[in-house]
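# Architecture at a glance
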Amino acid sequence: MGSAKKSSAARTARIEEMRRAEQARERRNRILTIVASAVVVGGLVAGGVVLVRSQSDDGGGTAGGSTSAGKLVTGKDGVRTWKGELGRNHVTKAVDYPVAPPVGGDHNPAWMNCNGDVYTDEINDTNAVHSLEHGAVWVTYNADAEKADVDALAAKVKKTPYTLMSPVDGQKEPLLLTAWGHQRAVTGADDPAVDTFLEKFVQGEQTPEPGAACTNGLSG
């Protein structure tokens, strides 16, 4: 019982730390926006346009397709881990991901807001994958999921920074948790695997860009 309380306290402290870090990033982004505006104005006066983008990732082209090659392998803990390559290029067209929902790969330059955001309609995979790259966990469900489980998971997501939730009709299991390169099916909102997955993968070691923003992106 004592260890469970310690784990809960540690998780609460970690969430608060992420909230403070996110607020600090938002303040820095506001400053960068002011600076960027000044640079753009200066560029226009000189006869050119300078585009400044904070939180840029690894650049990319505009082609569609996918550079993801590999497969998901299920471990003893029930977590499926991608074995192979996951592209990280920025693209503006649709991407043919090998699994639904995707666990990574080429993605849109804009991320979905993932600061405990719950979307009631399906969202664009390419934007959600960008959120995964920032260390978010994506909670998804299909039409077979129980409403009580969906509601309970939504309440949990709303309290957890670096998470987002949306329906994905094309997924096989009713309830799935997805992080960059990892995925786990759960039986319900009270499945202990939910908290275990969140604890391990929210801003976990798998994150390609730890600390990148989960706000100031797309909101639906």
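Values in this document were obtained by computation on a predicted structure and should not be read as measured data. (Residues numbered from 1 in each chain as written. Predicted model: local features only at pLDDT ≥ 70, side-chain atom pairs only at ≥ 80, totals over all residues. Heavy atoms only, no water.)

Quick look at the state of the cysteines now. Note on terminology: a disulfide is the covalent bond linking the sulfur atoms of two cysteines. Counted according to the given criterion, the structure contains one disulfide. Here cysteine 114 pairs with cysteine 214 through a disulfide, and the sulfurs are 1.7 Å apart. Around the S-S axis, the bridge from cysteine 114 to cysteine 214 shows a dihedral of about -90 degrees and counts as left-handed. Here the residue cysteine 114 occupies a position in the loop between β2 (80-85) and β3 (115-118), and cysteine 214 occupies one in the segment after α4 (192-201), the gap between them amounting to 100 residues. For cysteine 214, a relative accessible area of 0% translates into the label buried. (Disulfide = S-S within 2.5 Å. Helix = DSSP H or I, 4+ residues; strand = E, 2+ residues; numbered from the N terminus. Buried < 20%, exposed > 50% of the residue type's maximum accessible area, 1.4 Å probe, protein only.)

Turning to helix α3 (residues 147-158), a few remarks are in order. Over its 12 residues, α3 extends 16 Å from the first C-alpha to the last, a length consistent with the 16 Å expected when each residue adds 1.5 Å. Regarding α3, the residues found buried are Asp149, Val150, Leu153, Ala154 and Val157. Within α3, the buried residues cover an arc of 135 degrees as seen down the axis, which keeps them to one side. In α3, the exposed positions angled more than 90 degrees off the buried face are occupied by Lys147, Ala148 and Lys158. Lining the buried residues of α3 we find β3, β4 (137-141), β5 (163-167), β6 (175-179) and α4. (Expected span 1.5 Å × (residues − 1). Arc of directions from axis to C-beta. Contact = heavy atoms within 4.5 Å.)

One can find alanine 128 in helix α2 (residues 125-133). Take alanine 128: its relative accessible area is 0%, and that puts it in the buried class. Sequence separation of alanine 128 and methionine 112 is 16 residues, and the distance between their C-alpha atoms is 5.5 Å. Contact partners of alanine 128, with chain neighbours within four places excluded, come to Met112, Ile123 and Trp138.

By secondary structure assignment, the location of alanine 155 is in helix α3. Spatially, the C-alpha atoms of alanine 155 and valine 118 are 8.9 Å apart, while their sequence positions differ by 37 residues.

Extensive coverage of α2 is indicated by the burial of eight of its nine residues. Tucked into the core, α2 has its buried residues touching β4, β5 and β6. A positive backbone phi angle near 100 degrees is found at glycine 135, which sits one or two residues after α2.

When pLDDT is averaged along the protein chain, the result is 82; 70% of the residues meet or exceed 70. In the predicted structure, residues 31-63 sits below a pLDDT of 50 and forms 40 contacts with residues beyond four places in sequence or in another chain. (pLDDT = per-residue confidence, 0-100.)

This next bit is on the sheet that holds β4. Pairing in this open sheet of seven strands is mixed, and the strands run β1-β2-β7-β6-β4-β5-β3 from one edge to the other. In the strand order of this sheet, the two ends are held by β1 (69-74) and β3, each with one partner. Sheet twist, expressed as the mean angle between neighbouring strand axes with direction ignored, is 20 degrees. With four bridges connecting them, β6 and strand β7 (residues 182-185) associate as antiparallel partners. The partner of threonine 178 across the bridge, within β7, is glutamine 183. Taken strand by strand, α2 contacts β4, β5 and β6, and its axis lies near 140 degrees from that of β4. Across the sheet, α4 touches β4, β5, β6 and β7, and the angle it forms with β6 is around 10 degrees. (Pairing = 2+ DSSP bridges. Axes fitted to C-alpha atoms, helices over the stretch in contact; angles between N-to-C directions.)

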